[in-house]
Amino acid sequence: MLELMLALPFVLALVLAILRDAPARAVAWLAGLAPLLALAVLAWLTPAVMAGDIPRAMHEWLPQAGLAFSLRLDGLGWMFAAMVLGIGALVVLYAHYYLGPQEKTRRFFCFLLLFMGAMLGMVLSGNLLLTVVFWELTSISSFLLIGFWFHRDDAREGARMALTITAAGGLALLGGVVMIGRVVGSYELDAVLAAGDAIRANELYPWILGLVLAGVFTKSAQFPVHFWLPHAMAAPTPVSAYLHSATMVKAGVFLLARLHPSLAGTDLFFYVVSTVGALTLLVGAWNAIFQHDLKGVLAYSTISHLGLITLLLGLSTPMAVVAALFHILNHATFKASLFMAAGIIDHETGTRDMRRLGGLRRIMPYTSALAIIASLAMAGIPLLNGFLSKEMFFAQALEIEGHEEMRWFITVAAFLFATFGVAYSLRFVRDTFLGRGPRAVEDEVHEPPRFMQVPVAILVVTCVAVGIAPQWTIGPALATAASGVLGEAVPDYSLAVWHGINTPLLMSLGGVVCGVLLYLVLNRVLDLHAVVRQSQGRRLFHLNIEALFRLGRRFTHTVANGSMQRSLLWLVLVAIAAGAAPFVAAWGEPREPVAFVAQPMVRLAWVLWLLLVCSALGTLALYRHRLLAVLVMGGCGLAVSLTFVALSAPDLALTQLLVELVTVALMLLGLHYLPKDSPPERTRWRRLRDGAVALAAGAGAAALAWTMMTRPPTNAVAAEITARSLPEAWGSNIVNVILVDFRGFDTLGEITVFGIAGLVVHAMLRHARMAPEKVMPGPPIKLPVPADLAQMMFPLTLVVSIFLFLRGHNAPGGGFIAGLTLAVPLLIQYVIQGAASVETRFGFDYIRAIGLGLLIALFGGAASMLLDLPFLSSGHYDLELPLLGTIPLASAAVFDLGVYLVVFGSTMLILSMMGTLKPSKKMIAHRGTIDPATRSAITGEAS
Amino acid sequence: MNVFWELLLVVLLLVGSFFILMGGIGLVKLSEFFRRLHAPTKASTLGVGCVLVASVGYHLFMDSDPQPRELLIVAFLLITAPISAHLMSKAALSLRMDEWPQLPGKSDEDTHVPPRPDGGDDDGY
Amino acid sequence: MSQLPILPILLPLLGGALSLFVEHRRIGTVVQRSVAWIFMLATLLASVLLVARADQGSILVYLLGDWPARIGIALMADRLSALMVLATSLLGAACLLHACSGWDRRAPHFHALFQLQLMGLNGAFLTGDIFNLFVFFEVMLIASYGLLLSGGRGVRMSAGLHYVAFNIAASTLFLIALGLVYGVFGTLNMAELAARVATVPAGSLPLAKATIGLLLVVFCAKAALLPLYLWLPEAYTRAPAAVAALFAIMTKVGIYAVLRVSSLMLGDDAGAMAGYGWDWMLPAAVGGLALATLGVLAASRLRVLVAYVVLVSATTLFIAFGLRSAGTIAAGLYYLVHSSFVAAALFLVADLVRRGRGDAGDALRAFAPAPGVRVVAGVMFLIGAVSVAGLPPLSGFVGKTLLLQAVPEPDIQWAWPAILGSSMLVIVGLTRAGTRIFWKPAPLRPSPAGDGPRNARGRLRLPETIATMLLLSYGVAMAVAPGPVTAYARATAEQLLAPATYVDQVRAALPARRLP
Amino acid sequence: MSRRFLPSLPLTLAIIIFWLLLVSEINAAQFTLALALGLVIPLYAARIDREFARIGTLRPLPKLLVVLVWDIVMSNIRVARQVLGRESRIHSGFIWYPLEIGNIHGITALACCITLTPGTVTAALSDDRRYLLVHVLDLADEAQLVADIKRRYERPLMEIFP
Amino acid sequence: MYVVGTAMLLALWRLLRGPTVPDRILALDTLNVTAIAELMLLGMHLKSAVYFEAALVIAMLGFVSTVVLSKYVIRRDIVE
Amino acid sequence: MEFAIASGIGVLVFAGVYLVLRARSFDVILGLTLLSYATNLLIFSSGRLTVGKPPVLQPGMEATLANHTDPLPQALVLTAIVISFAMTAVSIVLAMRSRADNDSDHVDAGDVRDEREAGR
Ligand code: NA
Ligand code: NA
């Protein structure tokens, strides 16, 4: 049943969201159906709750986190549910008439039901985490409701402010709840309520209390974060009537009541909660006097009343709790009706500014009467419900024990509360309904549609009924609710209107008198209409938020400005730090000597070393003249290749050499489209800094390499590979065997990378509009002699390529090297004969070559999967041919063939794309041509 | 017999090394690009040729890899060296090094390209 | 011999290769997309099966080439790998769907690159060999370059240059680290490495630490940890929507690698190396979280904001994993999966907004997009924002709650404020973005400069919407029924904290035909 | 027909020899492979080739080769002397060498010969293919040099490449 | 070997010293050629034939960088 | 020998890092290329240095590490070379495109342009 009740608003919200073109009336009916049906369910459950039963429902949600979908309907929940649904139903009725035909009513009711569901869920929740879930849902849905008129700046700002503050509180609450869960070991409300002593005794208690209260205070608009509530008045009035009088702002005090058994009962609780409540009460009431906006008065008054409730809950005596619950109900009724009345006034006159209103008593007598009664209830005038709870409050304030100073403070606060309450109520009534008629409002002000008044009337009647016959009307409900909080400890209390003449009654009377006097004095002395009170809270909030955004922007712009140089600098620095840290940390420790025999250094090796070092430094020295840098770097590549040869790595040397050749070609191709040299560095400081960083990096790398090489090797794996290479992988060139067999999967990835590189280049250049940096004048040169020679070479290189491919498994070579050996000569053809000439003769779809190569490699590797062996398991077969003898066939060769094709295809694709860019005419003109006479022979560039 | 071949190999190696060194010295010593161009391209060709022949012989006798494959290297060198030389001189010509005043030891005749005998115009070099 | 672990790698490779054959203009988009979808769905199926197998608790070891893991390459499908692969496939499917609304025709080789990107991701998650991890990193990266740059122009190129150059530099560092790894430990198999790290002689300890430290630096760079995150916002912001969405999982690869390496090699069994690196990573994570959060606040465009949200989630994950308890790791895993989906969805929403607002793009000023887009995009943004901000009832809340619950007692004092505070500020940032983008009315008269809605193409394309909703629905599903995912995450975390099993399984895996 | 399937016999032969040299083993299998390559590769190479070599006669070839090797050796020695000697004694310069041979292969071969012989290097071929620009390291007698080249290289080459 | 090594150093000097671009190209070319010789000498010295492939590839394709660089100097656009 | 290699690596890294930190795309690419040489040497040296024992099995020579150098790093370097080559190609093309599209070869050209646009 509880599930059904909870589901109703959500389901109907969904229905509303889906229904596209429903008429407004149907939408309203559907929306109203939710609270009405839910009320019916609630009514059905009421006898059980009244009897002290707690109907429950439990569904697992996330047991690991202790989050369960558990619902429980105890007295407190019952009271709130009734309030949420009852006032909800009235608000729906009211809103139907309030919203104009051009408003998006469907969306409004959808949000409203969403909120109603969230609120209902919160009060029904039997699991604290679930409470948090619904708690935040109320924040979100109230955000949507406040911002319903989102074309208005104040609506957007109000919504954001409300969400920011309440969501922050929600996060704090989450923290508090999780801590409670840690202490109690469960989030189930029953367990938590039973574990009050454990919680209070735990060292985390102050934290728990602080976090939970942060949630409570933000939600219930307590000082000093109360300021969001007045700004939330930008919402349509039904929203204010619902959220800001009866429900959402009560969520905070609800939770305080809910957790009262677990958290209350310590001095800390008492002092913090009652002080905050008292301050809020005063601040709210005082500010309410100076508002000009009808809803502003109501909002500050709400703050003040919420402060009262909080204060009562802070006092923590059973009687105070009862008073708090009682006041929650009372406040909901009179405030909701007042909001609705304010909405009607706004609706009819077009303004809510009391300075422009007045005399409405004559124009809309019925509404005025209702509103005046509700105002009197707000002021705590006898025979209305507000009076009763206020009396109870006074009594409690006077009965505080053990905290003498608090008793005084709170009693004074209570008296001031009464005084201010009377004052602002008076102002509200007088400025709106009495006095001269409305100024500067549109004409034809009249009573609203009848059904718009019905909800107000119902609420006001309730106020009066409760005020006159409390025991008879509200008694059972209050008793039920009180038992929900206090359990067995519900005190004896009397809900009589007349308790005889006692101090509280005198205080009330004094309050009324002082209130009237205060109003008169203020009105005379200060001219209330002229006082303009800025909300300090808003200003502070605004400043803070803006400061936050500014801080964010400043930080982000200084730190993460998108500069690549900075990224790379950080990377280098962090790498240096990571490399150096362990050595620095181990600096002082004694080091065991390492038995290390260096390889002898022949003089020839020094030649290589010189070649390497000099060309590296040469590249560095010449980097600004790019052509020269590329040239000198060629020496570097050669040196590395020769080093590999010298150190027994022929395969590597071959690969490095070929890659080097192609890289040089690529760089020169690219250089054609890039500036010829780099401009000088901006600052000397930067050069020095980078130099120092580079020096550190270089030294670090050298040190790491040295340290590594002087350690004894651990090469059991290498030994095993070496031993198993021939017998099990049928290859003598161990490096190639590793590439196509032991670690063939690496190679598969590697050729994929290579193939993708081709595709990327193709994709980037296919539609590119590029202009060379400078063009040489004149037509392309013809090079007949080299062309002839190159043409002669091509078939021979093809032969070598095939040779290298076939022999690769047993001698230096293999698919990769062979593929490049084929591609490089073709590059020469491009260079010497020109791209057009080659491509017309040698039309080759390089992209498909890549695809085909990948497929071949894939199928070569996957063949073994047919035999239920893993991918890339190599097979070996000696093909006996009659004339030719034995031909060894290895499945790895198929794989290598794929490599061959991909490498060839991709290299050629890259080269041909870069070589055949067709520049646009316009851009050539833009960058100009080179005058051969101005070229420097030293750099080869035009000077 | 063996001694003779060994001697021959040694001579080949010496000759080869000598010419390679000549190439290097020429490259460093000569004063102007086109002169330098002569030294290494050809001295190296002969030098490397000799070394390669020696290598063939050496492997033939040392029995480590008794095949004359190194000859292919010679073949390739013979094909590629002219291509390189041709292109490098074209590059040098295109930079008009004759108009560059500061080369030491430069004389007019070195870098001055005479007009074509038939007066034909040849911009392209 | 089950071939299951390799399928998530080979299927996209096959799909990518075949895409190259069908991508000719004459063949038509239907065939191209069919090929892409066949392999996408096949990969998805394989990943689902893989998760099902992995969830049985044993680690699947796949010996490539039938060689023992120590000398060959082994794929390792434990719970973590399987989870990551599945997340990738789910994300990939949505991104593909989004791309099929038209981008795939504008970017050359899109489908091939896309499939190969999936291959790279899956390979990185599945491999049990650290060098092979490098290779798949590169596959993934170069494919991402392609996806980022293909069909792009202008500023995207310089953003791409930043991304590419940074990653190449990081990869270089990776290689240096790998050289050291082999030089110091003599093996590349991660399980073997784990065993050898524990027994490294005292004399080699600084070197070993430097080696592992460099590895971690590389992974942190890929995961965009402070201070190595500067590359991320630009790259992710400039990428086409579907690609940016796919990139949401890319930072997670770095995090995955950190988690893998640290759980295997720096676990409690690692002797002198135990816990190395985390002393630095946790403060960096907190600092990164702060800066990322500020970035969310500072963002002037929705894309940038989402990029910083990705950063927030990445750094949060570092905190979760850095606390190194089963609970936090499990929470982190849940959070990882959720945040990938949601961030991806937000990227797609940002793209919708950008198109819906014409010239105004996704800048956080100006006004709401065309009405056709506004409502749908607004709702999707709301769902995404609620998820990503950790508000209930969506997945972000579940993840955050799990994480808060699992933070060990002594760390609460810094971890909670960090997590909750960043949540708070993210909410502020998202609220501002949302109200500005969806709630601000267009100016009545478009200014002559042309930044009015005139150029808005306010039409929703169905695949885009479905793709976004799909991603969001992953998150919603994770929130509605979090049980299976959290249980799985918990089991994963426990598996990760017991690396000995991993090592044993690798060593026990026998080749089918060969001698062990 | 034969042009289509066998575009260039010399090339085929060269490839076969080349392959056998490369693999350095002569057996039936390798020979078959070499033959196959020799037949297939020219077909592909033909796509690039613009003007296939037409060989007139090969008779002057041996003599040409001997002359060439001799010249290389001799001029190498001369160049070595020049390099080691004082540079001021060298008088180098360009000459335009008038071509008689018109076949591009012939020109190429000639250019090769000139370049391979130390002391001379072909720098350019005129666009109309009538002149070679030759840089001479030590230019003593221009006419003598031109005559030498003509006699020693160009004539035999003209026979080979008519 | 040392002789050839010396030749390489001389070429290196020219490579770094210049002065003109073609000079450097020439030096690089010379480096390649001497490298071939060096490799063959090394092969003889170590009695190994595995250096053949490297030498072959240098001989066959080492001139590519020369060609490409020269072409760049001549036309800036190396593939026209 | 070890010292020579280590110092060579150091010099390459020094030059490479300095260039990588430059502001122009081409310089960065040059730097990355130098760094990749250094990387290759470093990986290579992780198998320790051996002269004249290439990992190519020959008949009559026992297949042990006494006769052959460690082949594994060589295979790794090979893979690394290929991959870094692919990356170099992509980065060169990207530098060209960035230059063409953004009118500058400054590595942060896009920002410069963005700022210019924002300033308008
Ligand atoms: Na490999
Ligand atoms: Na390879």
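For clarity, every value in this text was computed on a predicted model and none was experimentally measured.

Analysis parameters
- Residues numbered from 1 in each chain as written.
- Chains lettered and ligands numbered in written order.
- Predicted model: local features only at pLDDT ≥ 70, side-chain atom pairs only at ≥ 80, totals over all residues.
- Heavy atoms only, no water.
- Helix = DSSP H or I, 4+ residues; strand = E, 2+ residues; numbered from the N terminus.
- Buried < 20%, exposed > 50% of the residue type's maximum accessible area, 1.4 Å probe, protein only.
- Salt bridge = Lys/Arg side-chain N within 4 Å of Asp/Glu carboxyl O.
- Domains from an automatic or database assignment.
- Donors = N, O, S within 2.8 Å, 3.2 Å for Na, K, Ca; no water.
- Contact = heavy atoms within 4.5 Å.
- Buried area = accessible area lost by both parts, 1.4 Å probe.
- Polar contact = N/O pair within 3.5 Å; in protein donor to acceptor, adjacent residues only side chain to side chain.
- Patch = residues over 30% accessible without salt bridge, like charges linked within 9 Å, V, L, I, M, F, W, Y side chains within 5 Å.
- Areas by Shrake-Rupley, 256 points an atom, 1.4 Å probe, with all protein chains shown as cover.
- Core = buried A, V, L, I, M, F, W, Y, C linked by side-chain atoms within 4.5 Å.

(A) Representation of the overall build of chain D in the model. Each helix and strand counted, chain D has six helices and three strands in total. Written out in order from the N terminus, the α and β elements of chain D read α-α-α-α-β-α-β-β-α. When burial is assessed residue by residue, chain D has 54% of its 162 residues classed as buried.

(B) Inspection of the pattern of salt bridges at higher detail. Applying the stated criterion across every chain, the model contains 37 salt bridges over all chains. Measuring nitrogen to oxygen at the nearest pair gives 2.6 Å for the salt bridge that ties Arg743 of chain A to Asp129 of chain C. Pair noted here: Arg743 of chain A is in the loop between helix H32 (734-742) and helix H33 (744-765) and Asp129 of chain C is in the loop between helix H5 (110-126) and helix H6 (130-149), and the two residues belong to different chains. Neither Arg743 of chain A nor Asp129 of chain C differs from the other in exposure class; each is buried. Between Arg155 of chain D and Glu100 of chain D there is a salt bridge, with its nearest N and O atoms 3.5 Å apart. Highlighted residues: Arg155 of chain D in helix H6 (residues 142-160) and Glu100 of chain D in the loop between strand S1 (93-98) and helix H5 (104-116), separated in sequence by 55 residues. Given the relative accessible area of 43%, Arg155 of chain D is considered partly exposed. In this structure Glu100 of chain D comes out as partly exposed when scored by relative accessible area, which is 43%. Connected through salt bridges with shared partners, the residues Arg56, Arg72, Asp74, Asp190 and Arg258 of chain A form a single ionic network.

(C) View of the domain arrangement of chain D. In terms of domains, chain D is made up of domain 1 (9-48) and domain 2 (61-160). The distance between the C-alpha centroids of domain 1 of chain D and domain 2 of chain D comes to 33 Å.

(D) Structural detail: the coordination of the sodium ion (ligand 2). Binding of the sodium ion (ligand 2) to the protein goes through Glu750 of chain A (OE) and Glu750 of chain A (OE), at separations of 2.5 to 3.2 Å. Separating the sodium ion (ligand 2) from the sodium ion (ligand 1) is a distance of 5.4 Å.

(E) Representation of the side chain of Asp741 of chain A within the structure. Secondary-structure assignment places Asp741 of chain A in helix H32. With relative accessibility at 1%, the residue Asp741 of chain A sits in the buried group.

(F) Here's a closer look at the interface of chain C and chain A. Taken together, the contact between chain C and chain A spans 129 residues of the former and 106 residues of the latter. Contact between chain C and chain A buries roughly 10200 Å² in total, counting both sides, with carbon and sulfur atoms accounting for 75%. Where chain C packs against chain A, one counts three salt bridges. Across the pair Arg182 of chain A and Glu409 of chain C runs a salt bridge, and its minimum N-O distance is 3.6 Å. Our count for the chain C to chain A interface comes out at 23 residue pairs in polar contact (both at pLDDT 80 or more). The element contributing the most residues to the side of chain C that touches chain A is helix H7 (residues 155-185) of chain C, with 14 residues.

(G) Layout of a nonpolar patch on the surface. Residues Phe31, Leu35, Leu39, Val40, Leu43 and Tyr44 of chain D make up a contiguous nonpolar surface patch of roughly 500 Å² in combined accessible area. With respect to the helices, strands and loops of the structure, Leu35 of chain D is situated in helix H3 (residues 28-48).

(H) Looking closely at the nonpolar core. By size, the foremost hydrophobic cluster in this structure holds 781 residues, and its most contacted members are Phe745 and Phe871 of chain A together with Met265 of chain C. Per-element accounting of this core gives the leading share, 21 residues, to helix H15 (residues 326-356) of chain C. Here this core spans two domains, and each of domain 1 (9-48) and domain 2 (61-160) of chain D adds at least three residues to it. Discounting chain neighbours no more than four positions away, the residues touching Met265 of chain C are Ile130, Met190, Leu193, Ala194, Val197, Ile212, Ala270 and Met273 of chain C.

(I) Here's a closer look at the environment of Leu796 of chain A. Structurally, Leu796 of chain A can be placed in helix H34 (residues 784-807). The spacing of Leu796 of chain A and Pro825 of chain A is 29 residues in sequence and 9.8 Å in space, taken between C-alpha atoms. Beyond its immediate chain neighbours, meaning those up to four positions away, Leu796 of chain A contacts Phe76 and Ile79 of chain B together with Ile15 and Phe18 of chain D.

(J) Seen up close, the coordination of the sodium ion (ligand 1). The coordination sphere of the sodium ion (ligand 1), as far as protein atoms go, consists of Thr747 of chain A (OG1) and Thr79 of chain F (OG1), spread over 2.7 to 3.2 Å. Given the relative accessible area of 4%, Thr747 of chain A is considered buried. For Thr79 of chain F, a relative accessible area of 1% corresponds to the buried category.

(K) The side chain of Thr122 of chain D, seen in detail. Note that Thr122 of chain D resides in strand S2 (residues 120-125). When its relative accessible area of 0% is taken as the criterion, Thr122 of chain D is described as buried. A distance of 3.1 Å separates a polar atom in the side chain of Thr122 of chain D from the backbone oxygen of Ala111 of chain D. At a separation of 2.5 Å, a polar atom in the side chain of Thr122 of chain D contacts the side chain of Thr115 of chain D. Residues in contact with Thr122 of chain D, not counting those within four places in the same chain, are His86 and Ser89 of chain B together with Ala111, Ile114, Thr115, Leu132, Leu133 and Val134 of chain D.

(L) Representation of the environment of Val225 of chain A in the model. Residue and element names in this part refer to chain A. Locating Val225 in the fold gives a position in the loop between helix H9 (205-219) and helix H10 (228-231). As for Val225 and Arg684, which are separated by 459 residues in sequence, their C-alpha atoms are 53 Å apart. Setting aside chain neighbours within four positions, we find Val225 in contact with Ile165, Phe217 and Thr218.

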